Amino acid sequence: MQSTNRPDDPVGICASSSSVHKRPPREVLRPKSCHKSPNPLQSQNALAHLGVRQVEPERADAARTLLPIARASIASRLGKIHPADESPAWLREQGASFITLNLHKKLRGCIGSLQAHRPLLDDVKANAQAAAFKDPRFKPLTAAEYENIEVEISLLSALNTLTFTDETSALAQLKPHVHGVIFQYGHHRSTYLPQVWESFDDPVMFMATLKQKAGLPPNFWDATVKIHTYTVAKFKESELAG
């Protein structure tokens with residue numbers, strides 16, 4: 001699936017392990033859900049690492065704050081009310097998030113920001129509504145479905161732009177199961193969250209399907225290709241309930 005975003009557009013549609021194959025298919029891959037990733041918020045300074053600098057709450061506190069905010073934002077569009085606390089100061093710091101909705105353990109929507117460009121509070125609320133009602137792969141979420149969805153949030157770190165001489169040197173810098181990766185060539189752009197590494201044995205196959213997702217051949221390469229990496233902190237409601 002070719003990216004519909006401009007190279008500087010911060011919003012994207014996510015993909016993960018359930019949407020990719022170890023062997024690149026002939027057709028361009030479609031992105032799907034987001035699961036299992038290392039969590040940088042386990043350290044005390046993780047929110048600073050993610051661009052939230054003033055206050056660094058514990059991971060559980062962040063989850064208990066962000067997940068209800070995302071659900072409340074969706075609820076408001078359906079004429080429902082869900083309690084959420086928007087008072088923490090760190091929500092006013094800029095941040096980038098991806099919101100994934102799963103219904104009966106299957107993807108129901110996933111939209112997010114690749115770069116921080118607004119307060120984290122606004123980003124989570126906007127992406128939650130976009131995942132529920134604007135993901136082009138699905139019909140808008142219904143009130144009946146809302147009662148059974150699971151909300152998952154991935155917070156993205158700042159992007160790191162790789163310096164390399166060819167594809168081999170670029171691949172050597174990727175850290176499987178740690179790095180999310182953005183592939184960019186002209187107006188072609190695609191990303192995989194770190195969770196997608198679960199579907200691959202090596203970075204070569206990972207990169208081949210990432211190119212296909214951008215609408216390019218799996219063996220494509222050009223000297224003007226840009227590659228960015230990032231890490232994520234992930235929260236989902238089922239973990240919070242546990």
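Residues numbered from 1 in each chain as written. Predicted model: local features only at pLDDT ≥ 70, side-chain atom pairs only at ≥ 80, totals over all residues. Heavy atoms only, no water.

Draft legend 1. A look at the packing of aromatic side chains. Applying the stated criterion to the full structure yields 7 aromatic pairs. Taking 5.8 Å as the distance between ring centres and 55° as the angle between the ring planes, the aromatic pair formed by F164 and W221 counts as tilted. Of this pair, F164 sits in the loop between β5 (160-161) and α5 (167-171) while W221 sits in the loop between α6 (203-213) and β8 (226-230), and the two are 57 residues apart along the sequence. An aromatic cluster of three or more residues is present, and its members are Y192, W197, F200 and F206. Looking at R71, its charged tip hangs above the ring of Y146, at a distance of 5.0 Å from the centre. Sitting over the face of the ring of F133, R77 holds its NZ or CZ atom 4.5 Å from the ring centroid. (Phe/Tyr/Trp six-rings, centres within 6.5 Å; stacked < 30°, edge-to-face > 60°. Helix = DSSP H or I, 4+ residues; strand = E, 2+ residues; numbered from the N terminus. Lys NZ or Arg CZ within 6 Å of the ring centre and 35° of its normal.)

Draft legend 2. Spatial organisation of the nonpolar core. Counting residues in hydrophobic clusters, the biggest one holds 31 residues, and the most contacted among them are L66, I74, I153 and F235. For this core, the secondary-structure elements that each account for two or more residues are α2 (59-77), β2 (96-103), α3 (120-133), β4 (149-156) and β9 (232-236). The residues contacting I153, other than those within four sequence positions of it, are L66, L67, A70, S97, F98, I99, V124, A233, K234 and F235. (Core = buried A, V, L, I, M, F, W, Y, C linked by side-chain atoms within 4.5 Å. Buried < 20%, exposed > 50% of the residue type's maximum accessible area, 1.4 Å probe, protein only. Contact = heavy atoms within 4.5 Å.)

Function cannot be inferred from these measures alone, as they are strictly geometric.
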